[in-house]
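# Survey of secondary and tertiary structure
What follows is the residue order along each chain.
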Amino acid sequence: MGFVEEIKRSLTVAPFECAWGEELRFGQPGRGCVAFEASAQNDVTLVFRQQPGSQHYHYKMDSSRHYTVILGSHRNKRLRIEVDGSTVVDVAALGLCCSSSFQAYWISIYDGLISIGQGRHPNTNLLFQWLDPDPNPNVQYVGLSSWDKHVGYRNVSILPAAPRNSILWNHIKHAYADSDQRLCCGKRGFRDDSDQRLLADFLESWDFSDAVFVVGIERKVVPAHKIVLCASGDFPFQIADGATIELPSVSYPVLHSLLEYIYTGSTQIAEWLLSSLLELSSHFKIKSLVKCCEEIIDCLEVDNKLSESGRILKLSGSGFQDHKFGSFPLKAPVDAQKIGQFLANGKHSDINIHVNGHGLVAKGHKLILSLWSVPLAKMFTNGMKESSTSDVFFKDVPPEAFFCLLQFMYYGELKLDTRDITSVLVELLLLSDQFAVTVLQFECCKRIMECLSEDTVCSVLQAVSSIPSCKLLEEVCKRNFATHFDYCTTACTDFVLLDEATFKDILQHCDMTVTSEERVLDAILTWCMGTCETFYWTSLDKLLRTSTPEQLFGERLSAIDTLLPLVRFPLMQLSMLKRMERSNLANQIQVFRQLVAEAIEFSHAGHWTPTSYECDRFQHRRSSYKELQYISDGDSNGVIYYAGTSFGKHQWMNPVLAKNITVVASSPNSRHTDPKALVSKNYQGTCFAGPCIEDGKKLSWWMVDIGQEHQLMCNYYTVRQDGSTTFMRSWVLQGSMDGRNWTSLRVHDDDATICHPGQFASWPIIGPPALLPFRFFRVALTGPAAGSVPNAWNLCICFLELYGYFR
């Protein structure tokens, strides 16, 4: 068994030791994320360095450059980060570790930004972030270490890290500082295809300019943008031609400071021009600049230093807009709410946005779109027809998602008021990738992870597998699919649309949880068929009587040899393996025949054979459910009997009296309608539920609630007739999560199985219903019983038991 597989299951690190492995390595130096579970009283320690060390290596002894993160330092009271052995972070973090159980953590490193959080999903539940001013770009290997006590690790995964312009990047000020520095150096324009532009890039730029200032006696012409100016103050564009503002008495340096403050959020000006700047900002009602000027003047007057000196004064606004997204490209004094209003009313618009098939969807502004999307900015400036026309047409874009994209660009918020949120988010994710709106990409990924379910995971996987920046979401989807493998491959067949590499990754996932290896086999065969119908190996075996594998599997036939070895045949029952050995599948598919033969040999050798069977095919998978298997009528293997033992904790007693389950009948409790009797081990001569009216129909039922904390995927059930001859003929077994909305697990129409008083009878639950977990179960009479006419709607059973996979 490989090193990483052992770690993903369980690994204990002794005091002052460190576990390394080639698989515990970031895909890119300096950038990666490790997610893991740890069990310890304190000092869960991870070391990040350029090359792996030895088992007896300890981070205190390391002379090479490295990072060390210690969770639960100082007897589980502190969180520490060390750089090359020197402590740089030591903050309070009480109770981070818990020795009684495994807890999930994640640690991300991206160009010196170390992010630490709790939970299985990286970039959620953030605990702490620290930015190394001198980042180590070469750290790549992850060491799992300890201090003075043993630390248990399991389920260790190496994932890509979120980049700096993720919405979770809390140090956005550094990015803006870098941008301001580039501007000071005179480097404007596009920085990178994946980077968004800043409003500062358009300061006194003719790109998308729709207004000009004519300033000073020299009548210098300065370009500007109406939407930015009107969102910052009160500019008189409604008069004259609405595009030119004459300022003959204002000098250019004063106007430049005013515009610089609007476009960048800060400026500088000579002290002797400060009063002129105050006057100009008051004229245009730029309130924050007025306040800033007044405060500086007051301070200078107090110090009696106001003079016409050449001293340069720096003025800064209130900082960034109060936005959930720190990378919102507009800074105060630009009012983001006004920017959003301009989208709604189309004011100062210079572009009509059309979506094919839906006509005009918005009157927009090239400047705002260009701030967020470099591809759109290039489209508006590179001489294409969109550069000179006011009408732009977008083809093959979903209108609802596209309008959400526009709203995000204007408001800086992701607004979704639809119930089918995942489908719109996926479309929006693809659009944000298409137009390189990186911040929106990560917000969509985060939202999708928050609302991801087993019903949507396949569609999300299909979309994100082609987007390199969504590897984290892709990994979360694969984990979700793997942990709900039965449901995801049975409730629908969308999984057959996944590519082979993705499906193979799911089959090999360390968190894969299944109820039986037969389910894995059926899923692989269904995927190889590539149809919208679920295939069981037995049904496919029948098809091979008249068809060849080439005809059934087509171009996916080659995948059979790759995927079938991922089925753990040795874990199947010997009787089933014998059936497979005689099947058409074994006769016509060589790899199937070899794997079945190997499993039969293993079964004959016994399950306690040592190291010769160390490959994954001979290891049990994870399972969150306890199997309660039907053996015979009236056995002690069902969930109701198990509840009577308080789920394996003590000797059996009636589970209703122990208050471990609740039993309710359709008629009031009485001498012969006794909830305790239905789950008793004693035979009852008379035990029935009388009829009631539900939705205008007569119905009789017994209902069992196995408890708020429990669920059962029921695959078998048993009932026992009481001493009467009122035999049920039409009935249904149903399951529910809330006790109101019911799903039929098995429907019986004119079933004459029960024909003797006191008779046991049992039936399997097959198909997708057997894979659905429920809390409530009920047997409901849907038609009159045979026998006594007066009591035809009495449900006369004195025993009920349920089997399956219990949690």
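Notes on the structure in this doc start here. A quick note: this is a predicted structure, and the numbers were derived from the prediction, not measured.

## A look at the packing of helix H12 (residues 399-411) against helix H13 (residues 421-434)
Across the interface, H12 lies against H13 with an axial gap of 9 Å and an inter-helix angle of 60°. The two elements H12 and H13 cross, and the hand of that crossing is right-handed. Along its contact with H12, which presents Glu 400, Ala 401, Phe 402, Cys 404 and Leu 405, the element H13 presents Val 424, Glu 427, Leu 428 and Leu 431.

## Re the layout of surface pockets
Its volume calculated, the largest pocket comes out at about 1,200 Å³. In terms of lining residues, the largest pocket is bounded by 34 residues, among which Ser 516, Glu 518, Met 576, Glu 627 and Tyr 805 are the most central. At the level of secondary structure, the elements contributing two or more residues to the lining of the largest pocket comprise helix H19 (517-529), helix H23 (574-581), strand S21 (626-628), strand S25 (712-721) and strand S30 (797-806). The dominant element in the lining of the largest pocket, judged by the number of residues it contributes, is H19, at four residues. For the lining of the largest pocket, the residue count by class is 15 nonpolar, eleven polar and eight charged.

## Thoughts on the packing of helix H5 (residues 252-264) against helix H6 (residues 274-283)
The interhelical angle for the contact between H5 and H6, taken along N-to-C directions, is 55°, at an axis separation of 10 Å. It follows that H5 is oblique to H6 by the angle criterion. Pair H5 / H6 crosses with right-handed handedness. Here H5 contributes Val 254, Leu 255, Ser 257 and Leu 258 to the contact with H6, which in turn contributes Ser 276, Leu 277, Leu 280 and Ser 281. For the contact of H5 with H6, the residue count by class is five nonpolar, three polar and no charged.

## Here's the deal with the nonpolar core
Within the largest apolar cluster, 153 residues are counted, with the highest numbers of intra-cluster contacts made by Phe 213 and Phe 569. The element contributing the most residues to this core is H12, with nine residues. If we skip the residues at most four places from it in the chain, Phe 213 touches Lys 220, Val 221, Val 222, Ala 224, Leu 229, Phe 235, Ile 245, Leu 247, Leu 255, Leu 259 and Phe 284. Counting residues in each nonpolar core, the second largest holds 43 residues, with Ala 643, Val 656, Phe 727 and Phe 777 among its members.

## With respect to the packing of aromatic side chains
Each pair of aromatic rings is reported with the distance of its centres and the angle of its planes. Tallied over the entire structure, the rule returns 27 aromatic pairs. Measuring from ring centre to ring centre gives 6.2 Å for Phe 213 and Phe 235, while their planes differ by 75°; the resulting arrangement is edge-to-face. With a gap of 22 residues between them, Phe 213 in strand S13 (residues 211-215) and Phe 235 in the loop between helix H4 (226-230) and strand S15 (244-247) connect regions that are remote in the sequence. Put simply, the rings of Phe 36, Tyr 105 and Tyr 153 pair up and form one aromatic cluster. Directly above the ring of Trp 742 sits Arg 778, whose terminal nitrogen or CZ lies 4.5 Å from the centroid.

## Focus on the environment of Leu 772
Along the chain, Leu 772 falls in the loop between strand S28 (760-764) and strand S29 (776-781). In this structure, the C-alpha to C-alpha distance between Leu 772 and Tyr 805, residues 33 residues apart in sequence, is 9.9 Å. Other than its neighbours up to four places away in sequence, Leu 772 contacts Tyr 487, Leu 712, Met 713 and Thr 743.

## Examining the sheet that holds strand S18 (residues 351-355)
Reading across the sheet, the three strands line up as S19-S18-S20 and stay open at both edges, with mixed pairing between neighbours. Strands at the two margins of the open sheet, each flanked by one partner only, are strand S19 (359-364) and strand S20 (391-394). Taking each pair of neighbouring strands and ignoring which way they run, the sheet shows an average axis angle of 30°.

What counts and what doesn't
- Residues numbered from 1 in each chain as written.
- Predicted model: local features only at pLDDT ≥ 70, side-chain atom pairs only at ≥ 80, totals over all residues.
- Heavy atoms only, no water.
- Axes fitted to C-alpha atoms, helices over the stretch in contact; angles between N-to-C directions.
- Helix = DSSP H or I, 4+ residues; strand = E, 2+ residues; numbered from the N terminus.
- Left-handed = near helix turned anticlockwise from the far one by under 90°.
- Contact = heavy atoms within 4.5 Å.
- 1 Å grid on protein atoms, 1.4 Å probe; cavity = no way out; pocket = protein on both sides within 12 Å on 5 of 7 lines; lining within 4 Å.
- Points joined across faces, edges and corners; volume = space filled by probe spheres on them.
- Nonpolar A, V, L, I, M, F, W, Y, C, P; charged D, E, K, R; others polar.
- Parallel < 35°, antiparallel > 145°, perpendicular 65-115°, else oblique.
- Core = buried A, V, L, I, M, F, W, Y, C linked by side-chain atoms within 4.5 Å.
- Buried < 20%, exposed > 50% of the residue type's maximum accessible area, 1.4 Å probe, protein only.
- Phe/Tyr/Trp six-rings, centres within 6.5 Å; stacked < 30°, edge-to-face > 60°.
- Lys NZ or Arg CZ within 6 Å of the ring centre and 35° of its normal.
- Pairing = 2+ DSSP bridges.

Shape is all these values report; function is a separate question.
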